[in-house]
Amino acid sequence: MKLNELIKDLPVISAPENEIEIKGLTMDSRLVEPGYLFVAEKGLHFDGHDFAQAAWKKGASAILTERPLELPIPQVLVADTKKMAGFLASRFYLEPASKMRVLAITGTKGKTTTSFILHHLLDRGRTALLGSICFKIGQHHSASSFTTLPSIALQEKLHQAHYDHGAENIILEVSSHALKQRRVAEVDFDLAVFTNFSRDHLDFHHTMEEYLQAKSLLFSRLGNSALGLKGRRYALVNGDDPAAAEIKEACGVPLYTYGCAEGNFYRAVNIKLNPQGSEFTLLVKDKSIDIKIKMPGKFNVYNALAAIAVAHLEGLSLQEISEKLLDFSGVPGRLQKLDLNLPFQVIVDYAHTEESLRQTLLAVREFSANRVLLAFGCTGDRDKGKRPKMGQIAYELADFTMVTSDDPYSEEPESIIDEIMSELPQGSDKLARNADRTEAIAALLELAEAGDTVLLAGKGHEQVQIIKGEQIAYSDEKAVEQWLHRKMKKV
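Everything numeric here is computed off the predicted structure, so don't read it as measured data.

Draft legend 1. Spatial organisation of the pairing of strand 15 (residues 287-293). Looking at chain direction, strand 14 (residues 277-284) and strand 15 are connected through seven bridges and run antiparallel. Paired with Ser-278 across the two strands is Ile-293, which belongs to strand 15. The antiparallel hairpin formed by strand 14 and strand 15 contains two residues in its connecting segment, where Lys-285 sits at a positive phi of about 55°.

Draft legend 2. Examining the nonpolar core more closely. Within the largest apolar cluster, 44 residues are counted, with the highest numbers of intra-cluster contacts made by Leu-118 and Leu-282. For this core, the element with the highest residue contribution is helix 10 (residues 298-313), accounting for eleven residues. The contacts of Leu-282, once residues within four sequence positions are left out, are Tyr-266, Arg-267, Lys-287, Ser-288, Ile-289, Ile-291, Leu-305, Ile-308 and Leu-318. Ile-137, Ala-192, Leu-222 and Ile-247 belong to the second largest nonpolar core, which has 35 residues in total.

Draft legend 3. Highlighting the packing of helix 10 against helix 11 (residues 318-325). Their axes nearest at 10 Å, the elements helix 10 and helix 11 cross at an angle of 140°. On the basis of their axis angle, the class for helix 10 and helix 11 is oblique. As for the relative orientation of helix 10 and helix 11, their crossing is right-handed in sense. Touching Ile-308, Ala-311 and His-312 of helix 10 are Leu-318, Ile-321 and Leu-325, all from helix 11. Grouping the amino acids of the contact of helix 10 with helix 11 by side-chain chemistry returns five nonpolar, one polar and no charged.

Draft legend 4. Just helix 12 (residues 354-367), in detail. The end-to-end C-alpha distance of helix 12 is 21 Å, a good match for the 20 Å that 14 residues give at a rise of 1.5 Å each. Looking at helix 12, one finds that the buried residues are Glu-354, Ser-356, Leu-357, Thr-360, Leu-361, Ala-363, Val-364 and Phe-367. Lining the buried residues of helix 12 we find helix 10, strand 17 (345-349), strand 18 (372-376), helix 13 (386-397) and strand 21 (453-457).

Draft legend 5. Region of interest: the packing of aromatic side chains. Using the criterion set out here, one finds seven aromatic pairs in the structure. On the numbers, 6.4 Å between centres and 75° between planes, the contact of Phe-46 with Phe-51 is edge-to-face. Given the relative accessible area of 36%, Phe-51 is considered partly exposed. With centroids separated by 5.2 Å and ring planes inclined at 75°, the aromatic side chains of Tyr-256 and Phe-265 adopt a geometry described as edge-to-face. A network of ring pairs unites the aromatic residues Tyr-234, Tyr-256, Phe-265 and Tyr-266 as a single cluster. Across from the ring centre of Tyr-234, 4.8 Å away, lies the NZ or CZ of Arg-232, which sits over that ring. Here the guanidinium or amino end of Lys-430 rests over the ring plane of Tyr-395, the centre of that ring lying 4.4 Å away.

Draft legend 6. Representation of the sheet that holds strand 11 (residues 234-238). If you trace the eleven strands from one edge of the open sheet to the other, you get 8-7-6-9-5-10-11-12-13-14-15, paired in mixed fashion. The two strands at the open ends of the sheet, each matched to only one other strand, are strand 8 (140-143) and strand 15. Taking the axes of each pair of neighbouring strands and ignoring which way they run, one obtains an average angle of 15° across the sheet. Running at roughly 150° to strand 5 (residues 101-106), helix 4 (residues 111-122) makes contact with strand 5, strand 6 (127-130), strand 7 (134-137) and strand 9 (169-173) of the sheet.

Definitions and limits used
Residues numbered from 1 in each chain as written. Predicted model: local features only at pLDDT ≥ 70, side-chain atom pairs only at ≥ 80, totals over all residues. Heavy atoms only, no water. Pairing = 2+ DSSP bridges. Helix = DSSP H or I, 4+ residues; strand = E, 2+ residues; numbered from the N terminus. Core = buried A, V, L, I, M, F, W, Y, C linked by side-chain atoms within 4.5 Å. Buried < 20%, exposed > 50% of the residue type's maximum accessible area, 1.4 Å probe, protein only. Contact = heavy atoms within 4.5 Å. Axes fitted to C-alpha atoms, helices over the stretch in contact; angles between N-to-C directions. Parallel < 35°, antiparallel > 145°, perpendicular 65-115°, else oblique. Left-handed = near helix turned anticlockwise from the far one by under 90°. Nonpolar A, V, L, I, M, F, W, Y, C, P; charged D, E, K, R; others polar. Expected span 1.5 Å × (residues − 1). Phe/Tyr/Trp six-rings, centres within 6.5 Å; stacked < 30°, edge-to-face > 60°. Lys NZ or Arg CZ within 6 Å of the ring centre and 35° of its normal.

Geometric descriptors of this kind do not, in isolation, establish any biological role.
Written out as structure tokens, the structure reads:
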């Protein structure tokens, strides 16, 4: 695509007059190839303008910049490269979001599980899923490392979904960071789901009010585009969540609610929880149907309700939904029971906030035959205020807790552990610490007895641990396998 076509009618301060062929876009100077437009974006920790020379040396054809650069390369000067990146990427990748129904899911917890259930219900080879675990459609499956990708990478995936794989629908997990940083500024949403709201990301949003306001941006935007081009637009909100009122206030399209309380459009009653899963009766207006899911915990009833509601609103019958849910086996790293043939069970879960850790521990206590043994840590360079709170939750709800590392980033793991344990009784026989996560898990497994449940919380599906800027291959599941392998060799 020609540069002048790419920036046509956009608010550009200045641009080169000669025609320049653009073969790709990127914000990462390391990914620049000859003919690329390099977008110099200011991030949280780095300023892309500082890497413009590296992009030029790698063969960039032009640079999108917020200030003139002393480089012999064509430059497009704009007021805000972050905002402009989404416009350019959407245009470069042929506006893929306008060609599909885009179903967005946001909330503090439940985004991934809800999106996986919904994908299972809607998928006929024409529904794509893009979120914190993977990008998949049909037989194509690739790993993901973002809840919501940066704008250029996101538009590229949307292009792949529709133009390469024929997607008619795409389910997106949308984070508050993405909304605040305008990563989804040029994504044409048709539906937004709000799962719940609790403390998280206060290192970025600073206050709970700011955090909720960021979430509500998704719903205020729903009414901005022309209706009817891809079918009706609507919102779905967890009516039992205290933050629902503010989300409803922001919404400019028809809105449905789901939950367990009276008054919700989609309502779960007669809930029965067991180690193998959950059962409930779904009420929709004057209709009812029994639902079974292979996921324990009341929070998964809510996740299933959200997915059921969207699937129903998108045209599936309640009977078809009920039957399809029987085949859904769960989500990697979300209350994932490892198949180990041991006298105790080991569960891997992504719980990394106060409320998610609380809900996960409560769910595990419901089906554990004996003790609950927990290993968890807290992420470095993030909200420090939640650390002692999570420590208190662990101390109250687990029979024994091994405090360890999560992703320490630039912080010292021992310092993070100190903060987690700062308000807990010193010398308690319910607590231990080990900053090496692999060693901590091995030590916890050695303590496990018949009927116990070992819960490894925080990492979930993740395959790396981030320490001092380095990504080290790691997963909780592999740490358990290593322990078991050593154990078997000793026998």
